[in-house]
Amino acid sequence: MALLSTVAPQAAKAYQVDCAILLCLAGGWPASAECAHARAVFIRRITPWPIEPPLQIWRCPMGVSELAPLQITAPKIWEASYRNGQALGEVILAQVAEGGADIDISGLEFDFVRSIRVWDVRYYSHRERGRDDDCSESYNMRLGTYGTQGEFGWQRMTPAAAPQWVLPSRRCSSSSWRRGVGVEWEDHEGTHGYEWVAY
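Before going into details, it helps to say that this report is about the structure given with it. (Residues numbered from 1 in each chain as written. Predicted model: local features only at pLDDT ≥ 70, side-chain atom pairs only at ≥ 80, totals over all residues. Heavy atoms only, no water.)

## Brief notes about the pattern of salt bridges
Now for step 1: Enumeration according to the criterion identifies six salt bridges in this entry.
Now for step 2: Across the salt bridge formed by Arg-39 and Glu-195, the nearest N and O atoms sit 3.1 Å from each other. Of this pair, Arg-39 sits in helix 2 (residues 33-44) while Glu-195 sits in strand 5 (residues 192-198); the two residues are 156 residues apart in sequence, bridging distant segments of the chain.
Now for step 3: Residue class for Arg-39 comes out partly exposed when judged on its relative accessible area of 28%.
Now for step 4: Measuring nitrogen to oxygen at the nearest pair gives 3.2 Å for the salt bridge that ties Arg-122 to Asp-120.
Now for step 5: Overall, Arg-122 belongs to the partly exposed group, its relative accessible area being 28%. (Salt bridge = Lys/Arg side-chain N within 4 Å of Asp/Glu carboxyl O. Helix = DSSP H or I, 4+ residues; strand = E, 2+ residues; numbered from the N terminus. Buried < 20%, exposed > 50% of the residue type's maximum accessible area, 1.4 Å probe, protein only.)

Given below as structure tokens:
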């Protein structure tokens with residue numbers, strides 16, 4: 001009688017989506033299934049409601065432990081992730097402190113994280129009938145940015161501070177409005193990109 005042996009199948013290695021966002025953003029969103037998914041999550045998070053930080057770096061463990069941080073540059077993270085066809089998910093896992101990165105990301109090589117800016121905009125302008133010189137604006141705008149260690153926060157903004165892709169025109173007409181959420185970023189080489197979601 002032959003003995004049957006059962007071997008438990010190995011679980012497929014899943015990747016943390018925020019690690020994929022970090023790596024794909026650094027590399028300029030290269031064409032791959034992982035990066036397409038990461039970018040879709042990045043954009044979906046800013047789509048109302050609620051508006052979330054598009055990169056939640058506290059969910060991407062990069063350090064081996066609190067005492068021995070993994071100190072490598074973003075381009076090296078990028079290179080290591082794709083060397084010899086390794087998957088994005090093969091990032092070292094560790095305990096993560098919520099609210100910021102679990103390693104020191106204050107260096108220039110992580111400026112691409114701090115380049116992410118989220119614009120939440122409700123803007124309305126109108127001209128009173130028969131009064132060509134009187135334009136009235138009302139707005140509720142805020143800007144979400146990342147701090148030195150990847151912590152995310154909001155601050156109130158004015159229309160004058162918004163880039164043109166956020167408010168293409170402040171020309172006063174009988175009535176104009178713009179409402180939506182946008183996100184902009186730079187990859188590790190400084191290439192700028194943005195996405196606007198009107199609602």
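## Concerning the state of the cysteines
Now for step 1: Summed over all chains, the structure comprises two disulfides.
Now for step 2: Paired through a disulfide, Cys-24 and Cys-35 show a sulfur-sulfur distance of 2.0 Å. Sign of the S-S torsion, about -80 degrees for the bond between Cys-24 and Cys-35, identifies this disulfide as left-handed. Remark: Cys-35 occurs in helix 2 and Cys-24 occurs in helix 1 (residues 17-26); sequence separation between them is 11 residues.
Now for step 3: By relative accessible area, which is 0% here, Cys-24 ends up buried. (Disulfide = S-S within 2.5 Å.)

## Considering the environment of Ile-46
Now for step 1: Residue position: Ile-46 is located in the loop between helix 2 and helix 3 (74-82).
Now for step 2: Note on Ile-46: relative accessible area 0%, which makes it buried.
Now for step 3: A sequence separation of 137 residues divides Ile-46 from Val-183, and the C-alpha atoms of the two residues are 7.5 Å apart.
Now for step 4: Those residues in contact with Ile-46, other than ones at most four positions away along the chain, are Ile-51, Glu-52, Pro-54, Val-118, Val-181, Gly-182, Val-183 and Val-197. (Contact = heavy atoms within 4.5 Å.)

## Side note on the pairing of strand 5
Now for step 1: Bridge count for strand 4 (residues 176-186) against strand 5 is seven bridges, and the pairing is antiparallel. Within the sheet, the bridge partner assigned to Val-183 lies in strand 5 and is Glu-195.
Now for step 2: Connecting strand 4 to the antiparallel partner strand 5 that follows it, the hairpin turn spans five residues, and Gly-190 within it adopts a positive phi of roughly 90 degrees. (Pairing = 2+ DSSP bridges.)

## Re helix 1
Every α-helical turn comprises 3.6 residues, leaving residues that sit three or four positions apart pointing alike.
Now for step 1: A large share of helix 1 lies buried, amounting to nine of its 10 residues.
Now for step 2: Looking at helix 1, one finds that the buried residues are Asp-18, Cys-19, Ala-20, Ile-21, Leu-22, Leu-23, Cys-24, Leu-25 and Ala-26.

## Side note on the side chain of Gln-56
Now for step 1: By the element assignment, Gln-56 lies in the loop between helix 2 and helix 3.
Now for step 2: In contact with Gln-56, not counting residues within four places along its chain, are Asp-18 and Arg-45.

## Quick notes on the sheet that holds strand 4
Now for step 1: Strand order in the open sheet formed by five strands is 3-2-1-4-5, with antiparallel pairing between adjacent strands. Both edges of this open sheet fall to strand 3 (152-157) and strand 5, since each of them pairs with a single strand only. Neighbouring strand axes in the sheet, compared pairwise and without regard to direction, differ in orientation by 20 degrees on average.
Now for step 2: Two elements, strand 2 (residues 135-146) and strand 3, share six bridges in a ladder whose sense is antiparallel. Paired with Met-141 across the two strands is Met-157, which belongs to strand 3.
Now for step 3: Across the sheet, helix 2 touches strand 4 and strand 5, and the angle it forms with strand 4 is around 140 degrees. (Axes fitted to C-alpha atoms, helices over the stretch in contact; angles between N-to-C directions.)

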